[in-house]
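Here is how the chains run, residue by residue.
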Amino acid sequence: MDSSTEERIRRWRLVLGGESADGTGCQLAGQDAAMDAALSALYGQGEQPEQGRRRGAGLGASAPSVARWLRDIRTYFPASVVQVMQRDAIDRLGLSTLLLEPEMLEAVEADVHLVGTLLSLNKAMPETTKETARAVVRKVVDDLEKRLASRTRATLTGALDRSARINRPRHRDIDWNRTIAANLKNYLPEYGTIVPERLVGYGRASQSVKKEVVLCIDQSGSMAASVVYASVFGAVLASMRSIQTRLVVFDTAVVDLTDQLDDPVDVLFGTQLGGGTDINRALAYCQSQITRPADTVVVLISDLYEGGIRDEMLKRVAAMKASGVQFVTLLALSDEGAPAYDREHAAALGALGAPAFACTPDLFPEVMAAAIEKRPLPIPDMATHQ
């Protein structure tokens, strides 16, 4: 048997778990056996003696055994795989309560999903754990800001500049696409050219407030990752002088966290994941805060499972759009793929000219730039939307 065939059999043995029907006939030793034990503890169905052992769920509900398992998987698997296994352990084996212990928090690989779990446990968290939990959340938030902040500021600064149109631009400030569109009536077919009777140019946005952005975030349990990303983006937007940013979170109640936007960690610990949903009440509050509709972008981030008054919710969206507000509906702001959502409500919003779609964090700056410039939103081809 050649080495490539042996390697394939070894990998299949690790996947299949060594049960009698796996058909590989492969025996593991050394690091492979340790990797298999770590996988067995999470994905198995009961333990057997070491000889002929079937893959079994062997973590148990004790902090020491879980801490050892966390150490092992960080030794044998890359960080991306560790994060998936941690998430599966929390979901499959009910280990959430163990995250209330400081030594456990220090052992885990921090990511967005872990932050969501910690936020859902926030009210039950003992004081001895809160400082460690904030440190874990701070690490994830800082990493996200490093990844997202520069591109977001650059993209939106460009959008703000372009949204400040001038009619007598200098040559370097001419927006040729809009100039051509504005002068199509002056096309001369005999010369194959357009006479640019009216020039459209980019203005240069000053440091005064040019746009107002309201982030309205559903904090029901299914929206955990979206809450994390939205809080980071909210802090980035708030750092831009030309954008006045308001951040509102809601379930059946509405909480305005705008005064905490200088620190997204404070915003996150001000949320309360779980509970019901009243989108209508949240939009009513946001609508009451709008002073310059034509210069305002409202971003609703929700799976649209409405517990409030559906018809009133739709009327509010229609009224805001009629007043000049740019309204954006995101079913999710995360990398988790197509979310579950209320299709009837999504279709109704789409009929109002506010299509609902899932958005990745990398796409969010482009979505905001389009909304600021009042041009069509860059809805992903593969996004779930109406």
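Residues numbered from 1 in each chain as written. Predicted model: local features only at pLDDT ≥ 70, side-chain atom pairs only at ≥ 80, totals over all residues. Heavy atoms only, no water.

With that settled, consider the overall build of the protein. Looking only at helices and strands, the protein has 14 helices and 10 strands in total. Residues counted as buried form 46% of the 386 residues belonging to the protein. Across the protein, the fraction of contacts at a sequence separation of at least 24, relative to all contacts at a separation of at least 6, is 72%. Here the protein displays about 18,600 Å² of accessible surface, and carbon together with sulfur accounts for 50% of that area. (Helix = DSSP H or I, 4+ residues; strand = E, 2+ residues; numbered from the N terminus. Buried < 20%, exposed > 50% of the residue type's maximum accessible area, 1.4 Å probe, protein only. Contact = heavy atoms within 4.5 Å. Areas by Shrake-Rupley, 256 points an atom, 1.4 Å probe, with all protein chains shown as cover.)

Taking 1.5 Å of rise per residue, 15 residues should cover 21 Å, and helix α9 (residues 224-238) covers 21 Å from first to last C-alpha, within 8% of that figure. For α9, a buried count of 14 out of 15 residues is recorded, marking the element as mostly surrounded by other parts of the structure. (Expected span 1.5 Å × (residues − 1).)

Geometry of an aromatic ring pair is reported as the spacing of the ring centres plus the angle between the planes. For the structure shown, the criterion picks out one aromatic pair. Ring geometry for F233 versus F364: centroids 4.5 Å apart, planes at 45°, classification tilted. Separated by 131 residues along the polypeptide, F233 in helix α9 and F364 in helix α14 (residues 364-373) bring together distant segments of the chain. This pair shows no difference in class: F233 is buried, exactly as F364 is. (Phe/Tyr/Trp six-rings, centres within 6.5 Å; stacked < 30°, edge-to-face > 60°.)

With that out of the way, let us pick up the environment of L349. The topology assignment puts L349 in helix α13 (residues 343-351). Remark: the alpha-carbon pair of L349 and A318, spanning 31 residues in sequence, is separated by 8.7 Å. Residues contacting L349, with those up to four places away along its chain left out, are L304, L314, V317, T329, A354 and P355.

Considering every residue of the protein, the mean pLDDT works out to 83; 87% of them sit at 70 or more. Model confidence for the protein, summarised as mean pLDDT per element, is weakest for strand β1 (residues 165-166) at 56 and strongest for strand β8 (residues 296-301) at 97. Overall, residues 46-57 carries pLDDT values under 50, and its contacts beyond four positions in sequence, including any with other chains, amount to 32 contacts. (pLDDT = per-residue confidence, 0-100.)

The next thing to look at is the packing of helix α7 (residues 127-163) against α14. With their axes 9 Å apart at the nearest point, α7 and α14 run at an angle of 15° to one another. When the axes of α7 and α14 are compared, the pair comes out roughly parallel. Crossing of α7 against α14: the hand is right-handed. Taken together, the residues of α14 that come into contact with α7 (itself represented by R151, T152, T155, L156, A159, L160, R162 and S163) are P365, E366, M368, A369, I372 and E373. (Axes fitted to C-alpha atoms, helices over the stretch in contact; angles between N-to-C directions. Parallel < 35°, antiparallel > 145°, perpendicular 65-115°, else oblique. Left-handed = near helix turned anticlockwise from the far one by under 90°.)

In this structure, T179 sits in helix α8 (residues 176-182). Excluding residues within four positions of it along the chain, T179 makes contact with I174, P196, R198, L199 and V200.

Within the largest apolar cluster, 82 residues are counted, with the highest numbers of intra-cluster contacts made by W69, L118, V299 and F364. Among the elements that make up this core, the one with the highest residue count is α7 (10 residues). Discounting chain neighbours no more than four positions away, the residues touching L118 are L99, L105, M125, A133, V136 and V137. Counting 25 residues, the second-largest nonpolar core is a separate cluster that includes I279, A282, V325 and A356. (Core = buried A, V, L, I, M, F, W, Y, C linked by side-chain atoms within 4.5 Å.)

Moving on, we come to the sheet that holds strand β5 (residues 211-218). Strand pairing in a sheet takes place through backbone hydrogen bonds and is either antiparallel or parallel in direction. With mixed pairing, the six strands of this open sheet are ordered in space as β7-β6-β5-β8-β9-β10. Bordering the open sheet on either side are β7 (254-256) and β10 (356-359), each of which pairs with just one other strand. On average, adjacent strands in this sheet sit at an angle of 25° to one another, irrespective of strand direction. Summarising the sheet, β5 and strand β6 (residues 243-250) pair through eight bridges and their orientation is parallel. Bridge assignment links I217 to a residue of β6, and that residue is V249. (Pairing = 2+ DSSP bridges.)

Tracing the backbone shows K211 in strand β5. When its relative accessible area of 7% is taken as the criterion, K211 is described as buried. Discounting chain neighbours no more than four positions away, the residues touching K211 are L160, S163, S242, I243, Q244, R292, A294, D295, I372 and K374.

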